[in-house]
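A structural walkthrough
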Amino acid sequence: MLSLILSAALLTAQPAHVQTQAPTPPVSASSPVAGDPGAVDLGDIVVEGGRLDEATQAFVREVGAPARGRGLARWRDGVCVGVANLRNETAQYIVDRVSTVAQDLGLRAGAPGCEPSVLIIAVTDANAFTEQFVAMRPRLFIVGGGGMDLGRSGLQRFKTNNQPVRWWNVSIPVDSDTGAIAVRLPGEEAPFVRSAGSRITTNLVDDTKRAFVIVDVDKISGVSLQQLGDYLAMVVLAQVDPEADTSAYATVLNVFTDPGQTDGLTGWDMAYLQGLYDAQRNYQNPGAHRNEVAGSIVRAHHRITEARDAPPEN
């Protein structure tokens, strides 16, 4: 299904290349944080537990963009990354980088020729292209099931977003153990889902099912390929609010406003991703859900810091 819409859409984009392939050996794109001295670098505040907790919770609230009425979603098993309309070597780098970060989080990377679950398309005049892209198969964006997307107002923002990169994420509530779909989809019978939760906890979690990313090539000249690849990994592997104000944090999400701050994913970013993928996410209350994810991020940060500061093995 996604390959069909990709092929149709790229007739408009006049693609130079479509690449879907498992990663080659990992490309390192992490670096120490530089630039804005006021940015929050987790490595600088590790000894201040209260401040770390507060900063992490604030970041989760600012950045997280779950589907309406749902908790933060993540990929369950793996991703297949497709990149279109870029030179072969550029497309392959992006596929490799996003896939490598996914593998670092415990996900599988798609084999060569896999059906893309992530479509990254480079275009000019991104607003016009996105309008046509959505019009071809609107049900791929607004599926019709409860708690799967940001709704029509969110889709309108996606179509008119003037940022260098825009993205649309579709997720679905599922049984946490089996992955069975837990909402009724249009044209299908209501699913049977076991009830194993309580007023506090739930056995339903949210899985990311597909992601569309549009890159406006006229607006990315100020960043390196390494920075672009890491930025794309961040917005593909987590549900990120494109309107989030992250200026107070040392994160790759600032790369288009301040390219000198970082060369790629920071310790803050990797702690966020690892914490998200380690979290149980089994609280009913949205606030408790965010706090649980934030706590998992703090623990991930401590692991990253300990590994960084550990003496080298003989």
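To be clear, the structure that these remarks concern was listed above.
Remember, it's a predicted structure, so these values are computed and weren't measured experimentally.

Topic: the environment of leucine 253
- Looking at the element boundaries, leucine 253 is found in the loop between helix H6 (225-237) and helix H7 (267-278).
- Distance in space between the C-alpha atoms of leucine 253 and leucine 265 is 8.7 Å, their sequence separation being twelve residues.
- Every residue in contact with leucine 253, bar those within four places of it in the chain, is listed here: Phe59, Val63, Tyr231, Met234, Val235, Val240 and Thr246.

What about the packing of aromatic side chains?
- With the rule as written, the count across this model stands at twelve aromatic pairs.
- Between phenylalanine 59 and tyrosine 272, the ring centres sit 5.4 Å apart and the planes meet at 90°, which makes this aromatic pair edge-to-face. Residue phenylalanine 59 is found in helix H2 (residues 49-63), and its partner tyrosine 272 is found in helix H7; the two are separated by 213 residues along the sequence.
- Classification of tyrosine 272 by relative accessible area gives buried; the value is 1%.
- Joined through ring pairs, the aromatic side chains of Phe129, Phe133, Phe141, Phe158, Trp168 and Phe212 make up one cluster.

Structural notes on unusual backbone geometry
- For asparagine 85, which is not a glycine, the phi torsion comes out positive at approximately 75°.
- Following the sequence through the fold, asparagine 85 ends up in the loop between strand E3 (81-84) and helix H3 (88-104).
- Of the residues examined, asparagine 85 reaches a relative accessible area of 16% and is grouped as buried.
- At aspartate 125, a residue that is not glycine, the phi angle is positive and equals roughly 50°.
- For aspartate 125, the position within the fold is in the loop between strand E5 (118-123) and helix H4 (126-136).
- On the basis of relative accessible area, aspartate 125 is assigned to the partly exposed category, the value being 48%.

Points about the packing of H7 against helix H8 (residues 286-309)
- Close contact between H7 and H8 brings their axes to 7 Å; oriented N to C, the two are set at 125°. Considering the angle they form, H7 stands oblique to H8. The handedness of the crossing between H7 and H8 comes out as right-handed. Between H7 and H8, the contacting residues are Gly267, Met270, Ala271, Tyr272, Gln274, Gly275, Leu276 and Asp278 on the first element and Val293, Ser296, Ile297, Ala300, His301, Arg303 and Ile304 on the second.
- Here the residues of the contact of H7 with H8 are counted per class, giving eight nonpolar, five polar and two charged.

About the criteria used
- Residues numbered from 1 in each chain as written.
- Predicted model: local features only at pLDDT ≥ 70, side-chain atom pairs only at ≥ 80, totals over all residues.
- Heavy atoms only, no water.
- Helix = DSSP H or I, 4+ residues; strand = E, 2+ residues; numbered from the N terminus.
- Contact = heavy atoms within 4.5 Å.
- Phe/Tyr/Trp six-rings, centres within 6.5 Å; stacked < 30°, edge-to-face > 60°.
- Buried < 20%, exposed > 50% of the residue type's maximum accessible area, 1.4 Å probe, protein only.
- Axes fitted to C-alpha atoms, helices over the stretch in contact; angles between N-to-C directions.
- Parallel < 35°, antiparallel > 145°, perpendicular 65-115°, else oblique.
- Left-handed = near helix turned anticlockwise from the far one by under 90°.
- Nonpolar A, V, L, I, M, F, W, Y, C, P; charged D, E, K, R; others polar.

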